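# Examination of the molecular architecture
Now for the letters of each chain:
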Amino acid sequence: MPHVVTQACCGDASCVYACPVNCIHPTPDEPDFGTAEMLYIDPSTCVDCGACVTACPVGAIAPGHRLPEDQRRFTEVNAAQYGENLFVGDVRFPVNMAKRLPLAPVSTPAPLRAGPQHVAIVGSGPSAMYAADELLRLPNVSVTVYERLSLPFGLARFGVAPDHTATRTVMKLFDDIARHERLRILLNVEIGRDLTLDELRERHDAVFWAGGAPTDRPLRIPGTDAHGFAAATSLVGWYNDHPDFADRRFDLSGERVVVIGNGNVALDVARILAADPAALAATTISPTALEALQHKKIREILVVGRRGPREAAFTLPELIGLAESGISVHADPADLAGVDTSASDITEREKLALLRELAERPPVGSEDGAVRIRFAFGLAPHEIRTDDGRVTGVRFERTAVAADGTATPTGEIVDVDAGLVLSAIGYHGVAVPGLPFDPKRGVIPNDDGRVMDGDIPVAGVYVTGWIKRGPTGFIGTNKTDSAQTVASWRHDVEAGLLTAP
Ligand SMILES: Cc1cc2nc3c(=O)[nH]c(=O)nc-3n(C[C@H](O)[C@H](O)[C@H](O)COP(=O)(O)OP(=O)(O)OC[C@H]3O[C@@H](n4cnc5c(N)ncnc54)[C@H](O)[C@@H]3O)c2cc1C
Ligand code: SF4
Ligand code: SF4
């Protein structure tokens, strides 16, 4: 039985280069690589050699016959991508006409002609570590990584949920990179506090800013200053033992939590709040969070989207992971009735099929003592309801969702009681003193990684990761992103452009 890519896939494409028969797609050279929710193995081409299994840093690939029960659905998910139709972006190819680019070659770069270079990288998250890895392939480059926290690897450590144990093993790969003899990591050094950007530029030939997008996108409705409202960023930091959130406390004594937003982070926080604390005890969860969760009174977590199920922001692998987690998960049949899937791609159709299955599952009530997660769609948050400065719930306005996915308020009010309300509508970058910033997108303006001040490149300063492209994509997406920035830097070094004229 062919091999299968499963939930932990973080899209770094290492498997693509290992496969001798080019059956793992999309490859980084294919147009839909940047938007794919994971990579998929073509079951009709796979020769079961197993080379991809050892190449995968997070153990996301397994032989089909050895898949555990909760991962079996991924056999269909992989095969469906190579079924009667293959989508490349919006273009549909019958499979026998499917476009296949040649297998990407693995090349060893030639040494720099410009002589030895010492590069500073600010941050030690995935984008920083992939950039360092790419830079260190050049024999005459050395790298110093500056990290403000006492532990490295950014959101791979402080974002990825503690029960996503396979995904968290990517830190072993970063540990390997960190051991390179030409790499130094300086922890507890914040650029802007302990050293200025100018000082850094004086000490190095180039600076790569890889500081991520650390804040939440604000939810601009009344009541968000009340006790019992929080951004998911702080709950994630709290359960992952991030030092900035160690003192946060969350009131888990109410029966219902509302999570506003339905991306993968919303699913993470809902799953951690619903999980059996005994199961979480075996993970890297913070002891303070575990203790609080052991005393929770929560019975229901409502995950709410402004638009319809077709527009749900979570990815299919994460929905499968939640549906197979043993937690009671439900969708409302009324939300799914009449949803038109004719224009949807394969992944969207599979997502809706699974939501329909969840809608058919018999509801488990609080009388059973189980905590359940319930999806609700077509509800736009209007205000956080409060009493004496404390959250009592959320006032939503029902929306009508058009075929193109736009949501229009209908005027119908829906009140939901809750003791805790979490906003999970996305992360956002913050401005770096001394560098240009696009406040709307929360990114540092750049041209393929070169920091741009209007039309003029800021000599010797580059950017990668979430602060370069915005808070989207998986851990592995940062690998191709950082490779692009390193290619821009290399071009500039060879062209003698690193210092301002
Ligand atoms: C809650 C959550 C869960 C996620 N789960 C998954 C998952 O399961 N699978 C997956 O593939 N992807 C997941 N992701 C996405 C993944 O974490 C990101 O794609 C990735 O971490 C972005 O990398 P980055 O290097 O740009 O930023 P970050 O990981 O945020 O790293 C930035 C680093 O820079 C440091 N820094 C910032 N400013 C300074 C400064 N001035 N001086 C020194 N250091 C500084 C920070 O402390 C941090 O260590 C998740 C993201 C979130 C938010
Ligand atoms: S088992 Fe071998 S042939 Fe099959 S996807 Fe993996 S590397 Fe390719
Ligand atoms: S994590 Fe990387 S190596 Fe593993 S399956 Fe996904 S793309 Fe392939």
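An unreviewed UniProt entry lists the protein under the name ferredoxin--NADP(+) reductase, with Gordonia crocea given as the organism. Quoted verbatim from the Cofactor (unreviewed entry) field of UniProt, the annotation for the protein is "FAD". Quoted verbatim from the Catalytic activity (unreviewed entry) field of the UniProt record, the comment on the protein reads "2 reduced [2Fe-2S]-[ferredoxin] + NADP(+) + H(+) = 2 oxidized [2Fe-2S]-[ferredoxin] + NADPH".

### What about the site of ligand 3?
Neighbouring ligand 3 are 13 residues; Cys9, Asp12, Ala13, Cys15 and Cys56 lie closest to it. For the shell around ligand 3, the per-class residue count stands at 10 nonpolar, 2 polar and 1 charged.

### Describing helix α10 (residues 264-274)
Here α10 lies mainly inside the structure; 10 of its 11 residues are buried. Every buried residue belonging to α10 is among Asn264, Ala266, Leu267, Asp268, Val269, Ala270, Arg271, Ile272, Leu273 and Ala274, and all of these are buried.

### Structural notes on the site of ligand 1
Contacts to ligand 1 come from 34 residues, most closely from Ser127, Glu147, Leu155, Trp466 and Ile475. The side chain of Asn478 places a nitrogen or oxygen atom 3.2 Å from an oxygen atom of ligand 1. Every element with two or more residues in the shell around ligand 1 is listed here: α4 (126-136), α5 (154-158) and α10. In terms of residue class, the shell around ligand 1 is built from 17 nonpolar, 13 polar and 4 charged. Here the shell around ligand 1 gathers at least three residues from each of two domains, domain 2 (117-214 + 429-494) and domain 3 (217-426).

### What about the domain arrangement of the protein?
Taken domain by domain, the protein consists of domain 1 (3-97), domain 2 (117-214 + 429-494) and domain 3 (217-426). With 13 residues of domain 2 at the contact, the number on the domain 3 side is 19 residues. Considering only the side of domain 2, the residues that lose the most area to domain 3 are Phe158, Pro162 and Asp163, jointly responsible for 45% of the buried surface there. Viewed at the interface, domain 3 and domain 2 are joined by 2 salt bridges. Between Arg271 and Asp163 there is a salt bridge; the shortest N-O distance is 2.7 Å.

### Observations regarding the nonpolar core
Ile121, Tyr239, Ile301, Leu355, Phe375 and Trp489 are the most contacted members of the largest nonpolar core, which totals 112 residues. With residues up to four places along the chain from it excluded, the contact list for Trp489 reads Leu112, Gln117, Val119, Leu135, Leu138, Val141, Ala206, Phe208, Tyr462 and Leu498.

### Digging into the pairing of strand β15 (residues 328-331)
Residues Ser328 and His330 point to one face of β15 and Val329 and Ala331 to the other, with burial holding for every one of them. In this sheet, strand β16 (residues 372-376) lies alongside β15 in parallel orientation, the contact comprising 4 bridges. What sits directly across from Val329, in β16, is Ile373.

### Here's the deal with the pairing of strand β19 (residues 407-417)
In terms of strand pairing, strand β18 (residues 390-401) meets β19 through 8 bridges, oriented antiparallel. Bridge pairing in β19 links Thr399 to Pro409.

### As for the packing of aromatic side chains
Taken as a whole and judged by the stated rule, the model has 8 aromatic pairs. Here the aromatic rings of Phe375 and Phe377 are separated by 6.2 Å at their centres, their planes lie at 20 degrees, and the arrangement is stacked. Neither Phe375 nor Phe377 differs from the other in exposure class; each is buried. Centre to centre, the rings of Tyr427 and Trp466 are 5.8 Å apart; their planes meet at 65 degrees, and the pair counts as edge-to-face.

### A short note on the pattern of salt bridges
Opposite charge on two side chains lets them pair, provided their charged atoms get close. Counting across every chain of the model gives 24 salt bridges. Here Arg137 and Glu134 are joined by a salt bridge, their closest N and O atoms 3.2 Å apart. One salt-bridge network, held together by shared partners, links Arg148, Glu190, Arg193, Asp194 and Asp244.

### Describing the sheet that holds strand β23 (residues 450-453)
If you trace the 7 strands from one edge of the open sheet to the other, you get β9-β8-β7-β10-β24-β23-β22, paired in mixed fashion. Edge strands, defined here as strands with exactly one partner in the open sheet, are β9 (183-186) and β22 (446-447). Helix α17 (residues 477-494) rests against β7 (117-122), β8 (141-146), β10 (206-209), β22, β23 and β24 (456-463) of the sheet, and its axis sits at about 130 degrees to β24.

### Section: helix α12 (residues 287-294)
Among the residues of α12, those classed as buried are Ala289, Leu290 and Leu293. Angular distribution of buried residues about the axis of α12 spans 100 degrees; they occupy a single face of the element. The elements touched by buried residues of α12 are α9 (232-239), α10 and α11 (277-280).

Rules of the game
In this numbering scheme, every chain counts its residues from 1 along its sequence in written order. Ligands are numbered from 1 and chains lettered from A, in the order in which they are written. For a predicted model such as this one, the threshold for reporting local features is a pLDDT of at least 70, and the threshold for listing and counting side-chain atom pairs is 80 or more; totals across whole chains, interfaces and linings nevertheless cover every residue. Remark: hydrogens and water are excluded; side-chain values derive from all non-hydrogen atoms of the structure. UniProt positions are given in the numbering used here, feature names are shortened, and annotations may be inferred rather than shown by experiment. One heavy atom suffices: a residue is near a molecule or strand as soon as one of its heavy atoms comes within 4 Å of it. Side-chain classes are defined by residue name, with Ala, Val, Leu, Ile, Met, Phe, Trp, Tyr, Cys and Pro counting as nonpolar, Asp, Glu, Lys and Arg as charged, and the others, Gly among them, as polar. Each residue gets one of three labels from its accessible area relative to the maximum for its type: buried under 20%, exposed over 50%, partly exposed in between, using a 1.4 Å probe on protein chains only. Numbering of helices and strands runs from the N terminus; a helix is a DSSP stretch of H or I covering at least four residues, while a strand is a stretch of E covering at least two. N or O atoms closer than or at 3.5 Å make up a polar contact, with two conditions inside protein: a donor-capable atom paired with an acceptor-capable one, and, for residues adjacent in sequence, both atoms drawn from side chains. Domain delimitation in this document rests on an assignment produced automatically or drawn from a domain database. Every residue pair with non-hydrogen atoms within 4.5 Å of one another is taken to be in contact. A 1.4 Å probe defines the accessible area here, and the buried area is the portion of it lost by two parts on being joined, summed over both. Each reported salt bridge corresponds to a side-chain nitrogen of Lys or Arg within 4 Å of a carboxyl oxygen of Asp or Glu. Here the nonpolar core consists of buried residues drawn from Ala, Val, Leu, Ile, Met, Phe, Trp, Tyr and Cys, with membership extended through side-chain atoms lying within 4.5 Å. Pairing between strands is defined by DSSP: at least two bridges between them are needed. In this analysis, rings of Phe, Tyr and Trp, with Trp reduced to its six-membered ring, are considered paired at centre separations within 6.5 Å, and the interplanar angle assigns stacked below 30 degrees, edge-to-face beyond 60, and tilted for intermediate values. To get an axis, fit a line to the C-alpha atoms, keeping to the stretch in contact for a helix; angles then go from 0 to 180 degrees between the N-to-C directions. Here the arc refers to the set of directions running from the helix axis out to each C-beta atom.

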